[in-house]
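Fold and contact review
Each chain is listed here by its residues.
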2 protein chains.
Amino acid sequence: MDRIKLAIDTLGGDNGAEPMVVAVQAAFEKYDDFDITLYGKEGELNDIINKYGLDETRVRVVGATETITCHDAPVDAVRRKKDSSMVLALTSVKNGENQAVISAGNTGALLAGGTFIVGRAKGVKRAPLATLVPTRTGDCLMLDCGANVDVKPEALVQFAKMGSIYMESIMGVKKPKVALVNIGAEDEKGNELVKQTLPVLRQLKDINFVGSIESRDIVSGQADVIVCEAFTGNCMLKLYEGVGRMFMSEIKGVLNQSPKTKLGAALIYKPLKKHLKRFMADDKGGAPLLGIKGLVVKIHGNSKNAEAESAIYQCRNFIISGVNEKIVKSFEQV
Amino acid sequence: MDRIKLAIDTLGGDNGAEPMVVAVQAAFEKYDDFDITLYGKEGELNDIINKYGLDETRVRVVGATETITCHDAPVDAVRRKKDSSMVLALTSVKNGENQAVISAGNTGALLAGGTFIVGRAKGVKRAPLATLVPTRTGDCLMLDCGANVDVKPEALVQFAKMGSIYMESIMGVKKPKVALVNIGAEDEKGNELVKQTLPVLRQLKDINFVGSIESRDIVSGQADVIVCEAFTGNCMLKLYEGVGRMFMSEIKGVLNQSPKTKLGAALIYKPLKKHLKRFMADDKGGAPLLGIKGLVVKIHGNSKNAEAESAIYQCRNFIISGVNEKIVKSFEQV
């Protein structure tokens, strides 16, 4: 097998290039079947690479003179800032130099670039942003969480297939349970999109479709793949994040209320924080944009090396397990 | 002023008629400007009324031979079960015998009945189900949480006005901040519905519109009225409920982990539970169906007397403060 080639956009995140390089160093030690190209400020990147002593046969630097920031209008930025680290990294996937891109930059620009520059894979109608969402029994994959609003039933059906393949190939879930987000369990419930999509999903033989799911049951882990259009998905994901952060902060407040609660806090705060951290929906790391010719993984703007490192493994698994080939093949069967 | 007349459907809830009667008794002691008609099983209701010694000049019983259960198909049930407590209660509002209905029964049937039997108020396009949602700074009103999916911008604009009037008149919030649920702060974000609705809302002079709100900011209390169509609203509400319940349960689990955490729990569990209870989204009590000729308040299937009692006060305030007249008037101004 050829060596795996990954691109990392080192600009646009809040913590600069250093955590990215640290992540690469750690990942290099774990696997030796892949190489990395870092896109960003050339001098700075070379300095950090030297500082951490990375294997220079496996890492390459491509200098960029522009940066897409979080304030840039996404589509416009991707079109205008041709020499930005993000556009250069995306273009390298389009040209076949790399197979995947990791970026902590502007989400909208990354989604726009993934579709316009890298391009959708054969047969894919819409490329969804998928996110791992914590549940009581593990993580489920929710898609679309931010890329495509106002979609047709065909798009949701494709999301269901892509999500199922991803959970099986990357996360190792056997026959992932796929559910469609709805506002009730009965088939007459839902909006037009859901009512039209349900019967199509029920007929599919290559996924394990379990029917409608109400959002309250997502967190109890009743399904592995949660399908919805991006407006609903994004609203649910961000609400989950907001409620989680609120609970953590309110708990802290109560524990600081009195000498008595402070005493109790000394005994329970550490295990409580450690346990509940798992349910912070914005702590899950890389969100893949699926259905494009390659892979784009969005990590958080404020992500540190651990998240970047896990995104590298995600990309590596994605390529080794041939997820894209499986997706294209599953679409041909329709 | 004429005496206020309220109807209570005592069937269809999980806890039977008794909590409803207890609620009426408590409310009678607090205010003496209203009378109640209870719809349900005649003999049973009379027995409970005698048991609690209710003022018989203020309470009346209407017997019903049918019950709409949670398993009934909503529209069908409302059409067929003419002698059910729910349909009789709704019809009493239509006929002007009562001004409002409280029910713990089948939500879908209640919404269908509210629109088909009671009927929409003059000028109202769609009647939204509104719900009080806990935030860090108090409660906000989210609407629509379950009645109308696939709506047009005009409907959302009306929801914004109704919600603003409700929060000002019933909850006493001065110049309520009204926000539209969106997946980003910028105006180019959103689906077609949101993009078309935003400019109309910005032009309204009779509400305090503050723009788009991302769902994560709902819980921090950035707006008093949260406007969305019912698919998104229902998904967000139920996810909030689910995440809240999950946190409570996971916290309990951690506190029981070891002798050390159990010791800590003895010091903090009570204040923690008491404080976090406020954030249980499904504990907020009556959800009003707004924009109909009268008022329908849905309480939880498992609600106890406290929720029913608070729903009685909500109905009383609604009628005294003339919310419906204000709504109709605000729609004439457009």
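Parameters at a glance
- Residues numbered from 1 in each chain as written.
- Chains lettered and ligands numbered in written order.
- Predicted model: local features only at pLDDT ≥ 70, side-chain atom pairs only at ≥ 80, totals over all residues.
- Heavy atoms only, no water.
- Helix = DSSP H or I, 4+ residues; strand = E, 2+ residues; numbered from the N terminus.
- Rg over C-alpha atoms; globule rule 2.2 N^0.38 Å.
- Buried < 20%, exposed > 50% of the residue type's maximum accessible area, 1.4 Å probe, protein only.
- Areas by Shrake-Rupley, 256 points an atom, 1.4 Å probe, with all protein chains shown as cover.
- Axes fitted to C-alpha atoms, helices over the stretch in contact; angles between N-to-C directions.
- Parallel < 35°, antiparallel > 145°, perpendicular 65-115°, else oblique.
- Left-handed = near helix turned anticlockwise from the far one by under 90°.
- Contact = heavy atoms within 4.5 Å.
- Nonpolar A, V, L, I, M, F, W, Y, C, P; charged D, E, K, R; others polar.
- Pairing = 2+ DSSP bridges.
- 1 Å grid on protein atoms, 1.4 Å probe; cavity = no way out; pocket = protein on both sides within 12 Å on 5 of 7 lines; lining within 4 Å.
- Points joined across faces, edges and corners; volume = space filled by probe spheres on them.
- Buried area = accessible area lost by both parts, 1.4 Å probe.
- Salt bridge = Lys/Arg side-chain N within 4 Å of Asp/Glu carboxyl O.
- Least-squares fit on C-alpha atoms with pLDDT ≥ 70 in both.
- Disulfide = S-S within 2.5 Å.
- Polar contact = N/O pair within 3.5 Å; in protein donor to acceptor, adjacent residues only side chain to side chain.

Counting its regular elements, chain A contains 12 helices and 11 strands. Scaling as 2.2 N^0.38, a compact globule of 334 residues should have a C-alpha radius of gyration of about 20 Å, and chain A matches this with 21 Å. If one aligns the C-alpha atoms of chain A with their principal axes, the spans along those axes are about 65 × 60 × 40 Å. Burial status across chain A gives 58% buried among its 334 residues. Split by element, the accessible area of chain A, about 13600 Å² in all, is 49% carbon and sulfur.

Moving on, we come to the packing of helix α6 (residues 153-169) of chain B against helix α7 (residues 192-203) of chain B. Residues and elements named next belong to chain B. At their nearest, the axes of α6 and α7 sit 9 Å apart, and the two run at 50° to each other. Classed by the angle they form, the pair α6 and α7 counts as oblique. Considering the relative orientation of α6 and α7, their crossing is right-handed. Contacts from Pro153, Leu156, Val157 and Ala160 of α6 reach α7 at Leu193, Gln196, Thr197, Val200 and Leu201. For the contact of α6 with α7, the class distribution of residues is seven nonpolar, two polar and no charged.

A separate point is the sheet that holds strand β11 (residues 295-298) of chain B. Note: strands within a sheet are paired through backbone hydrogen bonds, in either parallel or antiparallel orientation. All names here are of chain B. Strand order in this open sheet of six strands is β3-β2-β1-β4-β11-β10, and the pairing throughout is mixed. Both outer strands of the open sheet, β3 (59-63) and β10 (287-289), are each paired with one neighbouring strand and no more. The average undirected angle you get between the axes of adjacent strands in this sheet is 25°. Of the pairings in the sheet, the one linking strand β4 (residues 100-103) to β11 comprises four bridges and is parallel in character. Bridge pairing links Val101 to Val296 in β11. Taken strand by strand, helix α1 (residues 18-30) contacts β1 (4-9), β2 (34-40) and β3, and its axis lies near 175° from that of β2. The strands that helix α11 (residues 305-320) touches are β1, β2, β4, β10 and β11; relative to β1, the one it contacts most, it runs at about 145°.

The next thing to look at is empty space enclosed by the protein. Residue and element names in this part refer to chain B. The tally for this structure, following the rule as stated, stands at five cavities of 30 Å³ or more. Its volume calculated, the largest cavity comes out at about 70 Å³. Taken together, 14 residues make up the lining of the largest cavity; nearest its centre are Gly13, Gly16, Met20, Ala104 and Ser303. Considering only residue class, the lining of the largest cavity consists of six nonpolar, six polar and two charged.

Residue-level contacts link 50 residues of chain B with 50 residues of chain A. Buried surface at the junction of chain B and chain A, summed over both partners, amounts to about 4900 Å²; 73% is from carbon and sulfur atoms. When residues of chain B are sorted by the area they lose upon contact with chain A, Phe231(B), Leu239(B) and Phe247(B) head the list and together hold 14% of the total. Across the contact surface, chain B and chain A share six salt bridges. The partner of Arg136(B) in a salt bridge is Glu250(A), with the nearest N and O atoms 2.9 Å apart.

For the pair chain B and chain A, the best superposition has an RMSD of 0.0 Å and corresponds to a rotation of 180° with a translation of 0.0 Å parallel to the axis. Put plainly, the chains are arranged around a two-fold axis. Rotation axis and chain B: the residue whose C-alpha lies nearest the axis is Gly264(B), separated from it by 2.0 Å. Both copies share a contact surface, since 100% of the interface residues of chain B are interface residues in chain A too.

Residues and elements named next belong to chain A. For the structure shown, the criterion picks out zero disulfides over all chains. Cys145 takes part in no disulfide bond, and the closest cysteine sulfur, belonging to Cys228, lies 5.9 Å away. What makes Cys145 buried here is its relative accessible area of 1%. Cys228 sits in the buried class, given a relative accessible area of 4%.

All names here are of chain B. Inspection of the secondary structure puts Asn106 in the loop between β4 and α5 (107-118). Of the residues examined, Asn106 reaches a relative accessible area of 9% and is grouped as buried. Polar side-chain contacts of Asn106 include one of 3.1 Å to the backbone oxygen of Asp72. With near-sequence residues (within four places) excluded, Asn106 lies in contact with Ile68, Thr69, Cys70, Asp72, Pro74 and Met86.

Right, let's talk about the environment of Thr37(A) for a bit. All names here are of chain A. In this fold, Thr37 is placed in strand β2 (residues 34-40). Since its relative accessible area comes to 6%, Thr37 is described here as buried. Separated by 23 residues in the primary sequence, Thr37 and Arg60 place their C-alpha atoms 4.7 Å from one another.

For the rest of this paragraph, the subject is the environment of Glu307(A). Residues and elements named next belong to chain A. You can see Glu307 is positioned in helix α11 (residues 305-320). Note: C-alpha distance between Glu307 and Ala104 (203 residues apart in sequence) is 10.0 Å. Within the structure, Glu307 has its side chain in polar contact with the backbone nitrogen of His300 (distance 3.0 Å).

Quick look at the packing of helix α9 (residues 230-255) of chain A against helix α10 (residues 259-277) of chain B now. The geometry of α9(A) relative to α10(B) is characterised by a closest axis approach of 10 Å and an angle of 135° between their N-to-C directions. Taken together, the axis directions place α9(A) and α10(B) in an arrangement best described as oblique. As α9(A) runs across α10(B), the sense of the crossing is right-handed. Of α10(B), the residues touching α9(A) (which contributes Phe247(A), Glu250(A), Ile251(A), Val254(A) and Leu255(A)) are Ile268(B), Pro271(B), Leu272(B), His275(B) and Leu276(B). In terms of residue class, the contact of α9(A) with α10(B) is built from eight nonpolar, one polar and one charged.

Residues and elements named next belong to chain A. As summarised here, the arrangement of the five strands in space is β5-β6-β9-β7-β8, forming an open sheet in which the pairing is mixed. Strands with a single pairing partner mark the edges of an open sheet, and in this sheet they are β5 (130-135) and β8 (208-213). Pairs of neighbouring strands in the sheet enclose a mean axial angle of 30°, with direction left out of account. Two strands pair when backbone bridges link them, and strand β7 (residues 177-181) and strand β9 (residues 225-227) are joined in this way by three bridges, in the parallel orientation. Paired with Ala179 across the bridge in β9 is Ile226.

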